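# Overview (structure and organization)
Spelled out from the first residue to the last, the chains are:
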Amino acid sequence: LQLRLELGTNDSIVKKSAVRDPDGTWRNRPLSSLSGGQWRRISLSLSLGFSHLASTRGRFRSSLLVLDEPLTHLDSAGRASVGKLLRKMISSNSGLDVPRDGGGIGLSTILVILQDIAAEEIEECFDCIDEVVKLNGESVVVVDEGDILTP
């Protein structure tokens, strides 16, 4: 899947998309025909790209990345790919394979807000998963393997 943004006449932004056919060639496709999962991939790619741009060009750095429902509309293969990418971003501590001294994102924590079904599919990608659950009408935090923090 490709999304191309180009500067058009009168400083307008021209958006074009293309999908890869089974033979490897790219075929132009109207944006309106993209699936929910394809839109989600584009959205996540743009978010991570802007984070990288802000850290390298703007020298804005944060050790925390917060993603709200990034797996919505993705199939299980797409969810697994996102999980592996997030794990790679943390384990390399540089984000997107940019050397530490080269101004990478430099994340130490990724907070991913998920629904139960999506969380179960990618839990092997993370060292720990804390959960916020409703218990007797109150929200409680279940930290890692069963420790409960109450307000």
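Residues numbered from 1 in each chain as written. Predicted model: local features only at pLDDT ≥ 70, side-chain atom pairs only at ≥ 80, totals over all residues. Heavy atoms only, no water.

## Description of the environment of Val 19
The criterion, for reference: Going along the chain from the N terminus, every DSSP run of H or I of four or more residues is numbered as a helix, and every run of E of two or more is numbered as a strand. Any two residues whose heavy atoms approach within 4.5 Å at even a single point are treated as in contact.
On the secondary structure map, Val 19 appears in strand S2 (residues 13–20). Along the sequence, Val 19 and Gln 2 sit 17 residues apart, while their C-alpha atoms lie 6.3 Å from each other. The contacts of Val 19, once residues within four sequence positions are left out, are Leu 1, Thr 25, Trp 26, Arg 27, Arg 29 and Gln 38.

## Describing the pattern of salt bridges
Under the convention used in this document: In the sections that follow, a salt bridge refers to a side-chain nitrogen of Lys or Arg positioned within 4 Å of a carboxyl oxygen of Asp or Glu. Throughout, exposure labels follow a simple rule: accessible area from a 1.4 Å probe, protein chains only, divided by the maximum for the residue type, with under 20% read as buried, over 50% as exposed, and the rest as partly exposed.
All told, the structure shown has 3 salt bridges when counted by the stated rule. Here Asp 21 makes a salt bridge to Arg 27, at a shortest N to O gap of 3.0 Å. Since its relative accessible area comes to 41%, Arg 27 is described here as partly exposed.

## Description of the nonpolar core
Rule in force here: Nine residue types can take part in a nonpolar core, namely buried Ala, Val, Leu, Ile, Met, Phe, Trp, Tyr and Cys, and a core is a set of them joined through side-chain atoms within 4.5 Å.
If you look at the biggest cluster of nonpolar residues, it comprises 12 residues: Leu 44, Leu 48, Leu 65, Leu 67, Leu 71, Leu 74, Val 82, Leu 86, Met 89, Leu 107, Ile 110 and Val 112. Elements supplying a minimum of two residues to this core: helix H1 (36–56), strand S4 (64–68), helix H2 (76–91) and strand S5 (109–113).

## A look at the layout of surface pockets
How we decide: Two kinds of site are reported from a 1 Å grid over the protein atoms alone, namely cavities, where a 1.4 Å probe fits but cannot get out, and pockets, open sets with protein on both sides within 12 Å along at least five of seven lines, and residues are called lining when an atom falls within 4 Å of a point. Grid points are joined across faces, edges and corners, and a volume is the space filled by probe spheres set on the points. Only Asp, Glu, Lys and Arg are considered charged in this grouping, and only Ala, Val, Leu, Ile, Met, Phe, Trp, Tyr, Cys and Pro are considered nonpolar; every other residue, Gly among them, is considered polar.
By volume, the second largest pocket amounts to about 240 Å³. What lines the second largest pocket is a set of 10 residues, among which Arg 41, Leu 44, Ser 45, Val 82 and Leu 85 lie closest to the centre. Secondary structure elements with two or more residues in the lining of the second largest pocket: H1 and H2. Here the residues of the lining of the second largest pocket sort into 6 nonpolar, 3 polar and 1 charged.

## Observations regarding a negative patch on the surface
Inclusion rule: Only residues above 30% relative accessible area that lack a salt bridge enter a patch, with like-charged residues linked at up to 9 Å and the nonpolar side chains Val, Leu, Ile, Met, Phe, Trp and Tyr linked at up to 5 Å. Each accessible area is a Shrake-Rupley result for a 1.4 Å probe, and residues are judged covered by the shown protein chains and nothing else. Charged residues are defined here as Lys and Arg on the positive side and Asp and Glu on the negative side; His and the ends of the chain fall outside this count. In this description, the location of a charge corresponds to atom NZ of lysine, CZ of arginine, CG of aspartate or CD of glutamate.
There is a patch of like negative charges on the surface, built from Glu 123, Glu 124, Asp 130, Glu 131 and Asp 144. Structurally, Asp 144 is set in the loop between strand S7 (138–143) and strand S8 (147–149).

## A short note on the confidence of the model for the protein
Applicable threshold: pLDDT is a per-residue confidence score from the predictor, ranging from 0 to 100.
Looking at the protein, pLDDT values average 77 and 80% of them are 70 or higher. This stretch, residues 94–103, has a pLDDT under 50; its non-local contacts, to residues over four places away or in other chains, come to 24 contacts.

## Overview of the sheet that holds strand S3 (residues 26–29)
Defined as follows: At least two DSSP bridges between two strands are required for those strands to pair. Helix axes use the C-alpha atoms of the stretch in contact, all axes being lines fitted to C-alpha atoms, and the angles between their N-to-C directions lie in the range 0 to 180 degrees.
Read across the sheet, 3 strands follow the order S1-S2-S3 without closing on themselves; strand pairing throughout is antiparallel. Looking along the sheet, the strands with just one partner apiece sit at the ends: strand S1 (2–7) and S3. Taking each pair of neighbouring strands and ignoring which way they run, the sheet shows an average axis angle of 35°. Pairing between S2 and S3: 4 bridges, direction antiparallel. Of the residues in S3, the one forming a bridge with Val 19 is Arg 27.

## Describing the pairing of S2
When S1 meets S2, the two strands line up antiparallel, connected through 6 bridges. Residue pairing across strands places Leu 3 opposite Ser 17, the latter belonging to S2. Linking S1 to S2, which pair antiparallel, is a turn of 5 residues; within it Asn 10 sits at a positive phi near 55°. Linking S2 back to S3 in an antiparallel pair, the connection comprises 5 residues, with Gly 24 at a positive phi of about 95°.

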